[in-house]
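# What the coordinates show
Residue strings, one per chain:
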Amino acid sequence: MANYKSRYTFIEFIQNYSIRIPLIQRDYVQGREYTDEKKLEKRQEFIRLLMDALKDGKVYHVDFIYGSPVQNQKSGTGKFFFIPLDGQQRLTTLFLLHWILISKSTRDESEKIELLSKIGDFSYETRLSSAAFCTKLTSNLITELENGNVKKVISDQPWYSSDWDYDPTICNMLSMLEAMNTMLECKYKSFIDIMLDNALSTDSSITFDLLDMKEYALTDGLYIKMNARGKELTNFEHWKALFIQLLEDNYKDEGLKDIFTDKIEHDWANLFWDYVKDDGTKYPVIDDCFMRYFHYLTNIFYYSYIYPQQGEKKIEYIETVEQIYSVYKIPNCIDILFKSLDFLSVVGRIDSPFFEELFRHGNEKIDDDRIRLFSKGRINLLQRCIITQENEDFDIYEKSLLYAVIRYCTNHCITNVTPELKKYVRVIRNLLINTSQFIQAQVNLISNLRITEFESYNRVIESLISNINVADSLVETITGLGGKNAASIEKKKLGLSERNLICWLEDMPFCRGNISALKYLLNYPSDRIIKTISLFNEATDAEKVRLLIASRYYGMGIGWCSYGYRYFFGKDGRWNVVFTRDAENIGIALKAFADADCSIETYINNNIPTEHGFRYYALKYGEFVRSAGYWQNISDLNSYYYFAVNGEDFDDLDMISLKSYSKSPLLAYHTEPMASIVLWKLIEEDPVTFGNNRLRNCNIYAEKASLTYFKNEKVIFSLKINNRKWQLEQVNNLPEDLQQKYHI
């Protein structure tokens, strides 16, 4: 197996083997002129997918080619013949695609002839006429394909025999070439050379897997039994045959082959059937669902046990036969695979309450100790894993969480939700979701979980499941998830009283499992904690920001921009940034609010200072903190609560409100917060004069925004605040009464 290659491009394959379609195979039918529109559309779609892959360089894998290499009996030397027992239709289509791309390319004639000879080792043994046609096609250059009718051009060649019109394989080949030519002329004409380059490359976008019967000790009898109805084997049937052979070769004494063949047809099949039986298709099958779960688990095993041992030249998991064999030659992987399927056959059925009893969205009730997922998908993580529409955004966090649940339950033979399971899942959820990194250019915390690091995650999971009570497993030496001292922190939280309250706090959207910012509140009576956090949670972003400012919070420093140093105060979807990275200051601010024991409005009003500085304007006028998102429309409350301050003193009020989290926020619109206060006061007093975007407050680049009044899209006046004073910058046609009133 070590030197065996299973994944090929067509050009690689035909350079290594002479392809011979055997007598037992049916005629080529993929190019048939279907009268059924759906079948015709399916054929056209397959051609389009192949051509798009070559044009765009996107990988398109056409599954398995199943057969045997046979030594050339005449010479006993040279290339081996490859006899495909399944996949001949796809091989023929790939052969025709290469032929037409070569023939229609702009390469010179000598090069085309050479390229045609490279794909010339392709032949049919079903009929002598089919073999002769393939030979003639690759040994004679045809140059009239650009605008001509392919069928007519080829049939008019002097080497073409009229008897071949009665060979269904040849007729269907001609029809496929006609379809390919039409599509190339209509959609891909200018890309033909690019597509040919891609097709001829060993890194071609189009690949397939070779299942060598001899390599895996399979027989043609197995193929004949499975293919008795004359249909091509499905990908799933290929996999089952291959996997059964693996079990037979490596686990014969354990009897795993018999267990597998029984359960794949009964218990395990019933599990996946639940999810497909009502999917709307005429003949639903479990194949795709089962294979998604199989590759999900194999992916985790591969990066836990195989990938870390590969040294510098590491290979990503791409579902090759060698990779699957390498994983399941490890007894522990086979054991977990079987046990996980047995476990899910009990708890994973579509009508099972298991996932609903374990997870939830939101955190409305304090006495509900289910674990908040902090994701938007379904609660049922198995369904997220195996259903196409769900699987697209089934991310590494959810994959890891599902695997952690499976390992704990299979290790302790649990098939129902227990208090111990909830504690364990909450701990692993906290560790997973707080394995994050701060992206300064986005002012955001994003997951730092990577499948390539799963070896370390797996070590943590295996350590935590060693005891049924997770608190007994949490030791300081556990590292690899959750950041510094994460295991110790989780163990300490498990020892706190008021367990339901702690769970409720962890599930707050601004905490996401990390309650370090709430440490000062934990000494208060539970009713005071609940009141404080409930008020904060239910407040608008602007109210939250003003509450913090009332407690003398001056934001989290982010870094410099062209105007000054940036400070972020928090925002929906990003509150966990300040609660995690500025936990100490947030904690002090919330403690002050808890001590006041009042409403947010009262707290803000009671803390408005007498001096007219930053806190005065931020607390007295909501427009000040909302200014970045409040500059065009009074209903636009989507502010960023994000300021750039010029100088060290906020009370100098030399600042702007930013509306972009990027490294260069001044390339986007920004506003002047003091001007926003005046803007909305004027609009409120006189909406006819100042509304409808006549009064504006925004700018881009490093210059501070001004308060500008427009009439008929012409600037009438422009005011800017500098050194805490308003300056009139531009005046055009200002009414005389205003000039006299303000001595302008």
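That block above? That's the structure.
Residues numbered from 1 in each chain as written. Predicted model: local features only at pLDDT ≥ 70, side-chain atom pairs only at ≥ 80, totals over all residues. Heavy atoms only, no water.

Moving on: the overall build of the protein. Looking only at helices and strands, the protein has 34 helices and 19 strands in total. For 744 residues, the compact-globule estimate of 2.2 N^0.38 gives 27 Å, and the protein exceeds it by more than 25% at 35 Å. Projected onto its principal axes, the C-alpha coordinates of the protein cover approximately 105 × 70 × 50 Å. Burial analysis of the protein (744 residues in total) assigns 53% to the buried set. Counting only contacts in the protein whose residues sit at least 6 apart along the sequence, the fraction spanning at least 24 positions is 66%. In the structure as shown, the protein presents an accessible area of about 34700 Å², 47% of it carried by carbon and sulfur atoms. (Helix = DSSP H or I, 4+ residues; strand = E, 2+ residues; numbered from the N terminus. Rg over C-alpha atoms; globule rule 2.2 N^0.38 Å. Buried < 20%, exposed > 50% of the residue type's maximum accessible area, 1.4 Å probe, protein only. Contact = heavy atoms within 4.5 Å. Areas by Shrake-Rupley, 256 points an atom, 1.4 Å probe, with all protein chains shown as cover.)

We now examine the pairing of strand 6 (residues 206-212). Among the seven residues that make up strand 6, seven are buried, leaving the element largely enclosed by the rest of the structure. Residues of strand 6 alternate between two faces, with Ile206, Phe208, Leu210 and Asp212 on one and Thr207, Asp209 and Leu211 on the opposite face, all of them buried. Bridging between strand 1 (residues 7-8) and strand 6 involves two bridges; their strand directions are antiparallel. The residue of strand 6 that forms the bridge with tyrosine 8 is phenylalanine 208. Across six bridges, the pairing between strand 3 (residues 60-70) and strand 6 is parallel. Paired with phenylalanine 64 across the strands is aspartate 209, a residue of strand 6. (Pairing = 2+ DSSP bridges.)

Now for helix 3 (residues 88-104). With 17 residues, helix 3 should cover 24 Å at 1.5 Å per step; its first-to-last C-alpha distance of 24 Å lies within 8% of that length. Of all 17 residues in helix 3, 17 are buried, a share of seventy percent or more. (Expected span 1.5 Å × (residues − 1).)

Our next topic: unusual backbone geometry. A positive phi is found at leucine 653, a non-glycine position, where the angle reads about 60°. You can see leucine 653 is positioned in the loop between strand 13 (642-645) and strand 14 (655-658). Of the residues examined, leucine 653 reaches a relative accessible area of 4% and is grouped as buried. A positive phi angle, close to 60°, is found at glutamate 713, a residue other than glycine. Its location among the elements puts glutamate 713 in the loop between strand 17 (707-711) and strand 18 (714-722). Residue classification places glutamate 713 among the exposed positions, given a relative accessible area of 58%.

In this section: the packing of aromatic side chains. The final tally for this structure, using the stated rule, is 65 aromatic pairs. On the numbers, 5.3 Å between centres and 85° between planes, the contact of tyrosine 302 with tyrosine 303 is edge-to-face. As far as burial versus exposure is concerned, tyrosine 302 and tyrosine 303 are alike and both buried. The ring centre of phenylalanine 710 lies 4.0 Å from the NZ or CZ of arginine 696, which sits over that ring. (Phe/Tyr/Trp six-rings, centres within 6.5 Å; stacked < 30°, edge-to-face > 60°. Lys NZ or Arg CZ within 6 Å of the ring centre and 35° of its normal.)

Turning to the packing of helix 19 (residues 396-411) against helix 20 (residues 419-433), a few remarks are in order. Between helix 19 and helix 20, the least distance of the axes is 10 Å, while the angle of their chain directions is 150°. What the angle tells us is that helix 19 and helix 20 run roughly antiparallel. Between helix 19 and helix 20 the crossing geometry is right-handed. Where helix 19 approaches helix 20, its residues Tyr397, Ser400, Leu401, Ala404, Val405, Tyr408 and Cys409 are matched on the opposing element by Glu420, Leu421, Tyr424, Val425, Ile428, Arg429, Leu432 and Ile433. (Axes fitted to C-alpha atoms, helices over the stretch in contact; angles between N-to-C directions. Parallel < 35°, antiparallel > 145°, perpendicular 65-115°, else oblique. Left-handed = near helix turned anticlockwise from the far one by under 90°.)

Let's shift gears to the sheet that holds strand 2 (residues 17-21). Pairing in this open sheet of six strands is mixed, and the strands run 1-6-3-4-2-5 from one edge to the other. At either margin of the open sheet sits one strand with a lone partner, and together these are strand 1 and strand 5 (122-124).

The next thing to look at is the pattern of salt bridges. On inspection of all chains with the given rule, the structure shows 37 salt bridges. For arginine 7, the salt bridge identified is with aspartate 209, shortest N-O distance 2.9 Å. Placement of arginine 7 in strand 1 and of aspartate 209 in strand 6 is noted, with a sequence separation of 202 residues between them. Judged by its relative accessible area of 19%, arginine 7 is buried. Here lysine 55 makes a salt bridge to aspartate 56, at a shortest N to O gap of 2.8 Å. Taken together, the salt bridges that share partners define one network made up of Arg360, Asp368, Arg370, Arg426, Arg429, Glu490, Lys493, Glu506 and Asp507. (Salt bridge = Lys/Arg side-chain N within 4 Å of Asp/Glu carboxyl O.)

In terms of strand pairing, strand 3 meets strand 4 (residues 80-86) through five bridges, oriented antiparallel. Residue pairing across strands places serine 68 opposite isoleucine 83, the latter belonging to strand 4.

Spatially, 16-17-18-19 is the arrangement adopted by the four strands of the open sheet, whose pairing is antiparallel. The sheet is open, and its two borders are formed by strand 16 (695-696) and strand 19 (725-731), each paired with just one other strand.

This structure, assessed with the given rule, holds zero disulfides. The thiol of cysteine 289 is not disulfide-bonded; the next cysteine sulfur, from cysteine 385, is found 9.3 Å away. A relative accessible area of 4% means that cysteine 289 is categorised as buried. Residue cysteine 561 stays outside any disulfide, its sulfur separated by 17 Å from that of cysteine 698, the closest cysteine. (Disulfide = S-S within 2.5 Å.)

Here the focus is the packing of helix 3 against helix 8 (residues 192-200). Between helix 3 and helix 8, whose axes approach to 9 Å, the crossing angle comes to 135°. Compared by their axis directions, helix 3 and helix 8 come out oblique. Every pair of crossing elements has a handedness; the one defined by helix 3 and helix 8 is left-handed. Contacts between helix 3 and helix 8 involve His98, Leu101, Ile102 and Lys104 from the former and Ile192, Met195, Leu196 and Ala199 from the latter.

What follows is about a negative patch on the surface. On the surface, Glu611, Glu648, Asp649, Asp651 and Asp652 cluster together into a patch of negative charge. Judged by relative accessible area, glutamate 611 falls into the exposed class, the value being 63%. (Patch = residues over 30% accessible without salt bridge, like charges linked within 9 Å, V, L, I, M, F, W, Y side chains within 5 Å. Lys, Arg positive; Asp, Glu negative; His and termini not counted. Charge placed at Lys NZ, Arg CZ, Asp CG, Glu CD.)

As a further point, take the nonpolar core. Counting residues in each nonpolar core, the largest one holds 98 residues, and the members touching the most others are Tyr293, Tyr328 and Phe359. Here the element with the most residues in this core is helix 13 (residues 287-306); it accounts for twelve residues. Tyrosine 328 has contacts with Phe243, Leu246, Tyr251, Phe294, Leu297, Thr298, Phe301, Cys333, Ile334 and Leu337, leaving out every residue within four places of it along the chain. By size, the runner-up hydrophobic cluster in this structure holds 70 residues, among which are Ile502, Trp575, Ala583 and Leu619. (Core = buried A, V, L, I, M, F, W, Y, C linked by side-chain atoms within 4.5 Å.)

Another point: the side chain of serine 340. Locating serine 340 in the fold gives a position in helix 15 (residues 331-347). Of note is the side chain of serine 340, whose polar atom sits 2.9 Å from the backbone oxygen of leucine 337. When near neighbours in sequence (up to four residues on either side) are disregarded, serine 340 contacts Tyr293, Leu297, Ile406 and Thr410. (Polar contact = N/O pair within 3.5 Å; in protein donor to acceptor, adjacent residues only side chain to side chain.)

Residue placement: tyrosine 8 occurs in strand 1. With relative accessibility at 7%, the residue tyrosine 8 sits in the buried group. Sequence-distant contacts of tyrosine 8, that is, excluding residues within four places in its chain, are made with Phe13, Asn16, Tyr17, Ile206, Thr207, Phe208 and Leu210.

What follows concerns the environment of lysine 484. Topologically, lysine 484 is positioned in the loop between helix 22 (470-473) and helix 23 (486-494). A C-alpha to C-alpha distance of 42 Å links lysine 484 and histidine 61, two positions 423 residues apart in sequence.

Quick look at the environment of aspartate 209 now. By relative accessible area, aspartate 209 is classed as buried at 2%. Remark: the alpha-carbon pair of aspartate 209 and serine 6, spanning 203 residues in sequence, is separated by 5.3 Å. One polar contact links aspartate 209 to arginine 7, side chain to side chain, over a distance of 2.9 Å.

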